[in-house]
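Okay, here's what each chain looks like letter by letter:
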Amino acid sequence: MQPPSPGRRAAARNLPRGGGPRAAGAAASLPHASAAHPPPPEWAREGIAELTRLDPDFARIEPQAGPLPWRRRDPGFPGLLRTICGQMISNQAAAAIWGRLSALPGILHPEGLLATSDEALRGAGLSRPKVAHVRALAAAVAEGRLDLGALRDAPDAEAVAALSAIPGLGPWTAQVHLLFGFERPDIFPAGDIALAAGLAHLKGLVERPKPRALAAMAEGWAPRRSLAARLLWHHWRHVTGRPAGEAA
């Protein structure tokens, strides 16, 4: 890869360094491979090879950033709870909050969370809105209105709609959960700021694409858009020099 032109360097400097609303660069970006983050499974490696044929720019990422670490998240209630913790805050802040929250007795079960006081949840670092959101999630699961097991076999759009119907979750949280919890192969959170910034840097764009434009660009990577997202987060983490993120 040739060094970017001065104009491209300036454009890259003006791009946001991850974070912000719905930024999975904070909540879902990928550190270098480690014991907590093993390499991709064989099906993903085959998919990445196909993706680089569809878009050769992706072939530059791993030689520069290192092997893609494969991150998984609990597909059930704990995984969704963890994703809510990461909404709109930095990776480091999310990890600290999750460490305190997950240590609370019974918190990883819907009934246990519902029995936990607001004071304890706030003491772990959740904002008042997020306290309401995790309670809404716990109630939906405990009452059977949200069947996470059934979502495994639901079409992508149906699963996103079911999760997004819970107050405080929304499409970004739903898509990130499907991507990391269910390991679905063709999910792309187009509203994610870090994905837009990573793609703009990778392709030398003057500015990062807006969600609708990013979604349109990602259509060319179907049916491997989840792998494209993982690679773009990996690239942006390398470019910005951010520290390793959350454990799986």
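Parameters at a glance
- Residues numbered from 1 in each chain as written.
- Predicted model: local features only at pLDDT ≥ 70, side-chain atom pairs only at ≥ 80, totals over all residues.
- Heavy atoms only, no water.
- Helix = DSSP H or I, 4+ residues; strand = E, 2+ residues; numbered from the N terminus.
- Contact = heavy atoms within 4.5 Å.
- Areas by Shrake-Rupley, 256 points an atom, 1.4 Å probe, with all protein chains shown as cover.
- Phe/Tyr/Trp six-rings, centres within 6.5 Å; stacked < 30°, edge-to-face > 60°.
- Lys NZ or Arg CZ within 6 Å of the ring centre and 35° of its normal.
- Salt bridge = Lys/Arg side-chain N within 4 Å of Asp/Glu carboxyl O.
- Buried < 20%, exposed > 50% of the residue type's maximum accessible area, 1.4 Å probe, protein only.
- Axes fitted to C-alpha atoms, helices over the stretch in contact; angles between N-to-C directions.
- Parallel < 35°, antiparallel > 145°, perpendicular 65-115°, else oblique.
- Left-handed = near helix turned anticlockwise from the far one by under 90°.

Draft legend 1. Representation of the overall build of the protein within the structure. What the protein contains, in helices and strands, is 15 helices and zero strands. Counting only contacts in the protein whose residues sit at least 6 apart along the sequence, the fraction spanning at least 24 positions is 71%. When the accessible surface of the protein is summed, it comes to about 10900 Å², and 57% of that surface belongs to carbon and sulfur atoms.

Draft legend 2. The packing of aromatic side chains, seen in detail. Applying the stated criterion across every chain yields a total of four aromatic pairs. Arranged with centres 5.6 Å apart and planes meeting at 90°, the rings of Trp 43 and Trp 70 form a pair that is edge-to-face. Here Trp 70 lies in the loop between α4 (61-65) and α5 (77-85) and Trp 43 lies in helix α3 (residues 42-54), a separation of 27 residues in the sequence. Ring pairing ties together the aromatic residues Phe 58, Phe 188 and Trp 221, which thus form one cluster. Looking at Arg 71, its charged tip hangs above the ring of Phe 180, at a distance of 4.1 Å from the centre. The lysine or arginine in question, Arg 230, covers the ring of Trp 70, its NZ or CZ lying 3.6 Å from the ring centre.

Draft legend 3. Geometry of the pattern of salt bridges. Within this structure, the stated rule accounts for 10 salt bridges. Put simply, Arg 45 and Glu 62 hold a salt bridge, and the shortest N to O gap is 2.6 Å. Of this pair, Arg 45 sits in helix α3 while Glu 62 sits in helix α4; the two residues are 17 residues apart in sequence, bridging distant segments of the chain. For Arg 45, a relative accessible area of 30% translates into the label partly exposed.

Draft legend 4. Region of interest: the packing of α5 against helix α12 (residues 170-180). Two elements in contact, α5 and α12, have axes separated by 10 Å at closest approach and are oriented at 130°. In terms of their interaxial angle, α5 and α12 are classed as oblique. Note on packing geometry: the crossing formed by α5 with α12 is right-handed. The segment α5 lies against α12, with Gly 79, Leu 80, Thr 83 and Ile 84 engaging Trp 172, Thr 173, Val 176 and His 177.

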